Amino acid sequence: MRPLTLDQYVGQKHLVGEGKAIRKMIEGKRCHSMILWGPPGTGKTTLAELIAQYCDAEVEKLSAISAGVKEIRATVERAKERLQQTGKKTVLFVDEVHRFNKGQQDAFLPFIEDGTVSFIGATTENPSFELNNAILSRARVYILKAIDEDDLIALVQRALSDTELGLGSLKLNLSDKNRSLLIGLAGGDGRKLLNYLELCGDLVAEDNVITNDIIEQATGNQMATFDKGGDHFYDLISAFHKSVRGSAPDAALYWYCRILAGGGDPLYVARRLLAIATEDIGNADPRAMEVALNAWDIFHRVGPSEGERAIAQATLYLAAAPKSNAVYMAFNQAKRDAASLPSYDVPMHLTNAPTELMKSMGRGAEYRYAHNEPNAYAAGENYLPEEMAGTEYYQPVDRGLEKKIAEKLRYLKDLDANA
């Protein structure tokens, strides 16, 4: 069912629709080097083949999983011979290009530069992180999106009706409801959808009806889309973190379970909860840090079954806790000042004076021991460098325990003002 023409290609209308970048390039029979970045099953390989076809070029395919510099050079030599002998251009398509190391990626550069090949790399990973700048500067990056429902419906209908390349001869019967179920299980992956459909065709009874039970058999134990090192993983973690920050316990629990369903490490979530405890909750509920640490400890002590539940409990607690980023903001600002401002001297009354000589130099003189002061507070004292006196980093919010902390700090400021 791989499309043979551009009109059969489904999805990516932002690239191949009328007047869009790749469509215009194809219509002008011009092919430039590019990186196609997108999830699996979104048509990267097909698009590369169509570009070569419309630009009257030969396709040479390499997979970064199995190819090395030797294979790259052999492929380039064939491209050179082809250009010299027939004048025909070559599109070099490299699948999983992010798996090539720096040396392997560099091997392409001279041949991209001199026009020996038009380079098309396909990747599911963010090229900004995975590819050399030298490659990125010579190839335009196009982002492919998961195929939307309308396009997947068209893909299913074509597969069910095409008697030569598809399943049309089987005369399969698929209800709208079960079609939607299949599309949902495919998760925007056209290849996966066609594979599921083919398996369903193998399993149908004499009535040729694709039932819910047949779909369940064909798709097996459907796992949530999950790639431990890829962008989708970070999308799930991002959704989890933002749900906890947004005080949405049900959503946070769902994203946690999605991570588990995809084989993710529950301890990664536990680590994220510790970060959330200090970044998004802080002193509004200091117990959040303790709850998160206890969940981590329980996982190590009793194993995944109870440990995953403990992390779920911590997730719900932190999501429901009052929120404050006052500690996070104060710490970041203080770090910036410590790194960028001059290294001001420690005020003499705060310096250490362990010897009589140092005391005679005035170090530690006039220091007021807080416990000997009313309310154990030396009202009017300055603990910052003189040049920074009055600087305030910590601004407690009016939520949770920080509301009480804010009241205490206002009380102390009043004492300072009256000192």
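Predicted model, so just to flag it, every value in this text is computed and none were measured.

Which residues make up helix H20 (residues 400-418), and what values do they have?
Given a rise of 1.5 Å per residue, 19 residues ought to cover 27 Å, and the 29 Å separating the end C-alpha atoms of H20 matches this to within 8%. If you check which residues of H20 are buried, you get Glu 402, Ala 406 and Leu 412. One face of H20 carries all of its buried residues, which in axial projection span an arc of 130°. Exposed residues lying more than 90 degrees from the buried face of H20 are Lys 404 and Asn 418. If you follow the buried residues of H20, they end up packed against helix H18 (326-340).

Quick rundown of helix H15 (residues 266-281)? Include the residues and the values.
Compared with the 22 Å implied by 1.5 Å per residue over 16 residues, the 21 Å span of H15 between its first and last C-alpha is a close match. Along H15, the sharpest kink reaches roughly 25°, centred on Ala 275. Of the positions making up H15, those classed as buried are Pro 266, Leu 267, Val 269, Ala 270, Leu 273, Leu 274, Ile 276, Ala 277, Glu 279, Asp 280 and Ile 281. One side-chain oxygen at the N-terminal end of H15 lies 2.9 Å from the backbone nitrogen of Leu 267; it belongs to Asp 265.

Before we move on, could you go through the packing of aromatic side chains and cite the residues and values that matter?
Overall, the coordinates contain four aromatic pairs when judged by the stated rule. Each ring, one from Phe 108 and one from Phe 119, has its centre 4.9 Å from the other, and the planes form 50°; the classification is tilted. Within this pair, whereas Phe 108 is found in the loop between helix H5 (102-106) and helix H6 (109-113), its partner Phe 119 is found in strand S4 (residues 118-123), the two being separated by eleven residues in sequence. Residue class for Phe 108 comes out buried when judged on its relative accessible area of 2%. In this structure Phe 119 comes out as buried when scored by relative accessible area, which is 1%. Here the aromatic rings of Tyr 254 and Trp 255 are separated by 4.9 Å at their centres, their planes lie at 65°, and the arrangement is edge-to-face. The class for Tyr 254 is partly exposed, based on a relative accessible area of 43%. We classify Trp 255 as partly exposed; its relative accessible area is 23%. Ring-pair connections join several aromatic residues into one group, and the members of that group are Phe 100, Phe 108 and Phe 119.

Could you give an account of the sheet that holds strand S5 (residues 140-143), with specific residues and numbers?
In space, the five strands of this open sheet follow the order S2-S3-S4-S1-S5, with parallel pairing throughout. Of all the strands in the sheet, just strand S2 (57-63) and S5 have a single pairing partner and so form its edges. The mean inter-strand angle of the sheet, taken between neighbouring strand axes irrespective of direction, is 20°. By the bridge criterion, four bridges tie strand S3 (residues 89-95) to S4 in an arrangement that is parallel. When the sheet's bridge partners are listed, Leu 92 is paired in S4 with Phe 119. Of the strands in this sheet, strand S1 (34-37), S2, S3 and S4 are in contact with helix H3 (residues 44-54), which crosses S2 at around 155°. Against the sheet, helix H4 (residues 69-86) touches S2 and S3, its axis set at about 175° to S2.

Let's hear about the nonpolar core: which residues, and what values?
Ranked by size, the top nonpolar core spans 27 residues in total, and within it Phe 240, Val 244, Val 269, Leu 273, Ile 276, Ile 311 and Leu 318 carry the most contacts. Mapped by element, the contributors of at least two residues to this core are helix H13 (231-245), helix H14 (249-261), H15, helix H16 (287-302) and helix H17 (304-320). By residue number, the principal contributor to this core is H15, which donates eight residues. Once residues within four sequence positions are removed from consideration, Leu 318 is found in contact with Val 244, Leu 273, Ile 276, Ala 277, Ile 281, Ala 288, Val 291 and Lys 323. Counting 23 residues, the second-largest nonpolar core is a separate cluster that includes Val 10, Cys 200, Ile 210 and Ile 214.

How each quantity is defined
Residues numbered from 1 in each chain as written. Predicted model: local features only at pLDDT ≥ 70, side-chain atom pairs only at ≥ 80, totals over all residues. Heavy atoms only, no water. Helix = DSSP H or I, 4+ residues; strand = E, 2+ residues; numbered from the N terminus. Expected span 1.5 Å × (residues − 1). Buried < 20%, exposed > 50% of the residue type's maximum accessible area, 1.4 Å probe, protein only. Arc of directions from axis to C-beta. Contact = heavy atoms within 4.5 Å. Bend = angle between axes of the 7 residues up to and from the residue. Polar contact = N/O pair within 3.5 Å; in protein donor to acceptor, adjacent residues only side chain to side chain. Phe/Tyr/Trp six-rings, centres within 6.5 Å; stacked < 30°, edge-to-face > 60°. Pairing = 2+ DSSP bridges. Axes fitted to C-alpha atoms, helices over the stretch in contact; angles between N-to-C directions. Core = buried A, V, L, I, M, F, W, Y, C linked by side-chain atoms within 4.5 Å.

Geometric values such as these leave the question of function open.
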